[in-house]
Amino acid sequence: MARVLLKNVTKKFEDVIAVNKLNLEIKDGEFMVLLGPSGCGKSTTLRMIAGLETPTEGEIWIGEQIVNEIDPTKRNTAMVFQSYALYPHMTVFGNIEFPLRMSNVPKQERIKKVKEVAEFLGIAELLNRKPSELSGGQQQRVALARALVREPQVFLLDEPLSNLDAKIRTQMRFELKKLLSYDLGITTIYVTHDQVEAMTMADRIAVMNKGQLQQVGTPDEIFYKPSNTFVATFVGSPPMNLIEGDVLKDEKGVFFDSGHFILELPGDVDAEGKVILGFRPQHTEVSIEAREGFVKGKLLGIEKLGVESYGHLVYEDLELIIKLPENIRPSMGEIYWRPRHDRMYIFDGKARNLIYG
Amino acid sequence: MTPKEKERLIKRIWIVITYVVLIGFALVYLMPFIRSLVASFMTWAQASQYPPKWIPSPFTLENYEKLFRLELFPKWVRNTALYSGIIVAGNILFSSMAGYAFARLRFPGRDVIFSALLSLLMIPMFVTLVPNYIIIYKLGLIDNILGLSLLGLVNVSSIFLMRQYFMSLSNEIFEAARLDGCGPIKSFFYIALPLAKPALGAVAVYQFLGSWNAFIGPLIFLRTPEHFTLPVGLSFAFQRAMWTEYTPIIAGSLVASAPTILLFLILNKYLIRGIVITGGKG
């Protein structure tokens, strides 16, 4: 097991910068999730750690060693691919045994290890089957077993759950987390575009966009202290509402003017001029009667998600989503709302970085 | 008639038309074969009549007897088998290695070399016949099955077929193998080769057919009757100064084509897959 350190890592594909000056440390035994939309450079980062891509600039450390020049066959990292990449011509046993065979482990020991890891992952009865005879979830386990069997220093997973159906995905999420973090305590880097996976599994999340690292932090930090508007809208569902406007100060207090309505801000807000106000749909107060400090809104539609329902409000070109209390019914055309003061965010109007919240 | 019935009727008519056309073409292609089969049981006098006769009378096995009376016939079969065996083995080995390199490895000039190789397909064999002859002659391998085989050990179309096949395999499998500790050579033997069985089957069948029936090459590079292959041997045995005795040649050709027909019946799915592989992904 080992920590992984990326120092100023850049990867260019001809003119495209896939990863731009990335600095990131994954601690020994940590479960790190690289989160971002497709094309943000997260998979490229993973592939550079594995050695399948060579960084254009910068250093990659695994343990106490710079691995830039070390061939992927010798890095002792294991990777689970999105398609699982099982060898179709080998049995499950052959697949799991393969990395051991390649590193010349004696036969008796190979058999012992394969059986152990298969037992551990609950696939012992599948050892004689071919990958094509397995379900998606079983293939997934075989891929995991193949990666685990040689006890790698670093465990890399590239969207491993995205080919599974929703039910198995939820189940595998917990199993993977339990296995890698609690049972084995192995250094894991997990790439996904699914924020739910990131939030539920990660010790820390690194959010990336367009090759740039946006924020690194625990799931709580990412959710409650997003460092900019990208992180704020990418994590959380439905996404955070962002409203452009101006901060106004007078003797009565601090206010936010969106052009459509005016909201009172907490007294300690220290910002001026153009800003972006952010609040999550869940962090609002809603009333069916007019109240002091509440904004009137016309419900355009209601999205029902079982227990929760979300109302869509429109102010000309501005659309907002707020969570509705259970007693608000679709027939009610108008509601009054305001964001909760303790969960308000203010971002810089230009740089879009967090300045309050 | 309801529109549905009408549609069904039109569909049925189309199927009938399709089959009529297909059967027509099949007959056109089969006709020479049927003619050969019938003629092999005729005397030369009857077979050469015009308009052609379709029923052997008298029915004779004389042509086959002549064939099996030939002392060198078994030798020729063995020579042909040896030649085909070497060609098939050589192509499987070398074209899979070359195809793998072109599909999976990155090296400077790869694509240029590959295009150059492909352009060789445009050059007719007669252009290279004389230089090849000189090379084999200088090597002292004229009139030697091994010398002849040397020319066909690897073939551009086999390389192309293998390359296309290797390119169609998922990249992730090779990446996984790399992380599991396979360098390029190990992943060739452990991953690429076992997965390439269908393509290798296609290469083997094509090369077997080509070399078993080869005529021009063996005719030019082999000299003594003991070293002939079957197609050359047959025409040698029954060619007289003024005329050729065709019926024994026909009988011989039928005997000679038996293995290829058998092979086709057993392996035709590989043949078709070979066509699909080369024609599919590009």
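Residues numbered from 1 in each chain as written. Chains lettered and ligands numbered in written order. Predicted model: local features only at pLDDT ≥ 70, side-chain atom pairs only at ≥ 80, totals over all residues.

Asks: Explain the overall build of chain A to me, please; I cannot follow it from the model alone.
Replies: Of the regular secondary structure elements, chain A holds 8 helices and 21 strands. Split into buried and exposed, the 357 residues of chain A put 39% on the buried side. (Helix = DSSP H or I, 4+ residues; strand = E, 2+ residues; numbered from the N terminus. Buried ≥ 20, exposed ≤ 12 C-beta atoms within 10 Å, placed from the backbone.)

Asks: Where do I start with the domain arrangement of chain A in this structure?
Replies: All names here are of chain A. Each assigned domain of chain A is listed with its residue range as follows: domain 1 (4–232) and domain 2 (241–356). Placing the centre of domain 1 and that of domain 2 at their C-alpha centroids yields a distance of 39 Å. Of the residues that constitute the side of domain 1 that touches domain 2, the class distribution is 2 nonpolar, 3 polar and no charged. (Domains from an automatic or database assignment. Nonpolar A, V, L, I, M, F, W, Y, C, P; charged D, E, K, R; others polar.)

Asks: So what exactly am I meant to see when it comes to the nonpolar core here?
Replies: Within soluble globular proteins, side chains that are nonpolar generally end up buried alongside one another. Core analysis: the largest hydrophobic core is formed by 150 residues, its most contacted members being Ala145, Leu156 and Ile189 of chain A. Leaving out residues up to four positions away in the same chain, Ala145 of chain A has contacts with Ile96, Val117, Ala118, Leu121 and Ile123 of chain A. (Core = buried A, V, L, I, M, F, W, Y, C linked by C-beta atoms within 7 Å. Contact = placed C-beta atoms within 7 Å.)

Asks: Would you take a moment to explain the interface of chain A and chain B for this structure?
Replies: Often, the extent of an interface is quoted as the loss of accessible area upon association of its parts. Taken residue by residue, the interface counts 17 residues in chain A and 15 residues in chain B. Among the secondary structure elements, those contributing two or more residues to the side of chain A that touches chain B are β6 (77–80) and α2 (92–102) of chain A. Of the residues belonging to the side of chain A that touches chain B, the class tally is 12 nonpolar, 5 polar and no charged.

Asks: Help me out: how do you make sense of unusual backbone geometry in this one?
Replies: Keep in mind that most residues, glycine aside, have a negative phi and that most peptide bonds are trans. Each neighbour pair has its own omega, and for Ser237 of chain A with Pro238 of chain A the value is -10°, a cis peptide bond. By secondary structure assignment, the location of Pro238 of chain A is in the loop between α8 (229–234) and β11 (241–250). Cis geometry is found at the peptide bond from Tyr50 of chain B to Pro51 of chain B, where omega equals -5°. Residues other than glycine seldom take positive phi values, yet Lys21 of chain A does so here, at roughly 45°.

Asks: What should I look at first to understand the sheet that holds strand β12 (residues 253–257) of chain A in this one?
Replies: All names here are of chain A. Overall, antiparallel pairing links the 6 strands, which are arranged β13-β12-β11-β14-β20-β21 in an open sheet. Strands at the two margins of the open sheet, each flanked by one partner only, are β13 (262–265) and β21 (354–356). Averaged over neighbouring strand pairs, the angle between their axes works out to 45° when direction is ignored. Two elements, β11 and β12, share 5 bridges in a ladder whose sense is antiparallel. Each bridged residue has a counterpart across the sheet, and for Lys249 the counterpart in β12 is Val254. (Pairing = 2+ DSSP bridges. Axes fitted to C-alpha atoms, helices over the stretch in contact; angles between N-to-C directions.)

Asks: Got a minute to help me understand the packing of α2 of chain A against helix α3 (residues 107–120) of chain A in this structure?
Replies: Describing two packed helices takes the angle between their axes plus the distance from one axis to the other. Residue and element names in this part refer to chain A. Interhelical geometry of α2 versus α3 gives an angle of 130° and a closest axis separation of 10 Å. With respect to α3, the element α2 is oriented oblique. Regarding α2 and α3, the two cross each other, and that crossing is right-handed. Across from Phe93, Ile96, Glu97, Leu100 and Arg101 in α2, the residues of α3 making contact are Arg110, Lys113, Val114, Val117 and Ala118. (Parallel < 35°, antiparallel > 145°, perpendicular 65-115°, else oblique. Left-handed = near helix turned anticlockwise from the far one by under 90°.)

Asks: Hey, could you run me through the environment of Phe234 of chain A in this one?
Replies: Residue and element names in this part refer to chain A. Within the secondary structure, Phe234 sits in helix α8. When the C-alpha positions of Phe234 and Gln195 are compared, they lie 7.7 Å apart, and in sequence the two are 39 residues distant. Discounting residues that sit within four places of it in the chain, Phe234 has contacts with Gln195 and Val207.

Asks: Looking at this structure, I do not really get the pairing of strand β20 (residues 345–348) of chain A. What am I missing?
Replies: Note on strand geometry: in a regular strand, side chains alternate between the two faces of the sheet. All names here are of chain A. Alignment of strand β14 (residues 273–279) against β20, held across 4 bridges, turns out to be antiparallel. Bridging from a neighbouring strand, Ile276 pairs with Phe347 of β20. Of the pairings in the sheet, the one linking β20 to β21 comprises 2 bridges and is antiparallel in character. Residue Ile346 lies in a different strand from β21, and its bridge partner there is Tyr356. The hairpin turn running from β20 into β21, its antiparallel successor, is 5 residues long, and Arg352 in that turn takes a positive phi close to 60°.

Asks: Can you help me understand the domain arrangement of chain B in this one?
Replies: All names here are of chain B. The assigned domain composition of chain B is domain 1 (3–59) and domain 2 (63–279). Relative placement of domain 1 and domain 2: their C-alpha centres are 31 Å apart. Taken together, the contact between domain 1 and domain 2 spans 7 residues of the former and 8 residues of the latter. Elements with a contribution of two residues or more to the side of domain 1 that touches domain 2: α1 (3–39) and α2 (44–47).

Asks: Looking at this model, I keep getting lost on the sheet that holds strand β8 (residues 187–192) of chain A. Mind explaining?
Replies: Residue and element names in this part refer to chain A. The sheet built from 6 strands is open, its strands ordered β6-β7-β8-β3-β9-β10 with mixed pairing. Edge positions in the sheet fall to β6 and β10 (212–217), since each has one partner strand and no second. Neighbour-to-neighbour, the strand axes of this sheet turn through a mean angle of 20°, independent of strand direction. In the sheet, strand β7 (residues 154–158) pairs with β8 via 5 bridges, with the strands oriented parallel.

Asks: What is the right way to look at helix α9 (residues 171–179) of chain B in this model?
Replies: Helical geometry note: an α-helix holds 3.6 residues per turn, so side chains three or four residues apart project in the same direction. Counting buried residues in α9 of chain B gives 7 out of 9 residues, a clear majority hidden from the surface. Listing the buried residues of α9 of chain B in full gives Ile173, Phe174, Glu175, Ala176, Ala177, Arg178 and Leu179 of chain B. Check the buried side of α9 of chain B and you find it contacts α1 (42–50) and β6 of chain A together with α4 (73–104) and α10 (184–195) of chain B.

Asks: When you look at the environment of Gly349 of chain A in this model, what are you seeing that I'm missing?
Replies: All names here are of chain A. Within the fold, Gly349 resides in the loop between β20 and β21. Under the C-beta neighbour-count criterion, Gly349 is labelled partly exposed, with 16 such atoms within 10 Å. When the C-alpha positions of Gly349 and Glu334 are compared, they lie 30 Å apart, and in sequence the two are 15 residues distant. With residues up to four places along the chain from it excluded, the contact list for Gly349 reads Glu244, Gly273, Lys274, Val275 and Ile276.

Asks: Please explain the packing of α4 of chain B against helix α7 (residues 145–152) of chain B as it appears in this structure.
Replies: All names here are of chain B. Where α4 contacts α7, the two axes come as close as 9 Å, and the packing angle between them is 35°. Remark: the crossing between α4 and α7 carries right-handed chirality. For the pair α4 and α7, the contacting residues are Asn79, Leu82, Tyr83, Ile86 and Ile87 in the first and Ile145, Leu148, Ser149 and Gly152 in the second.

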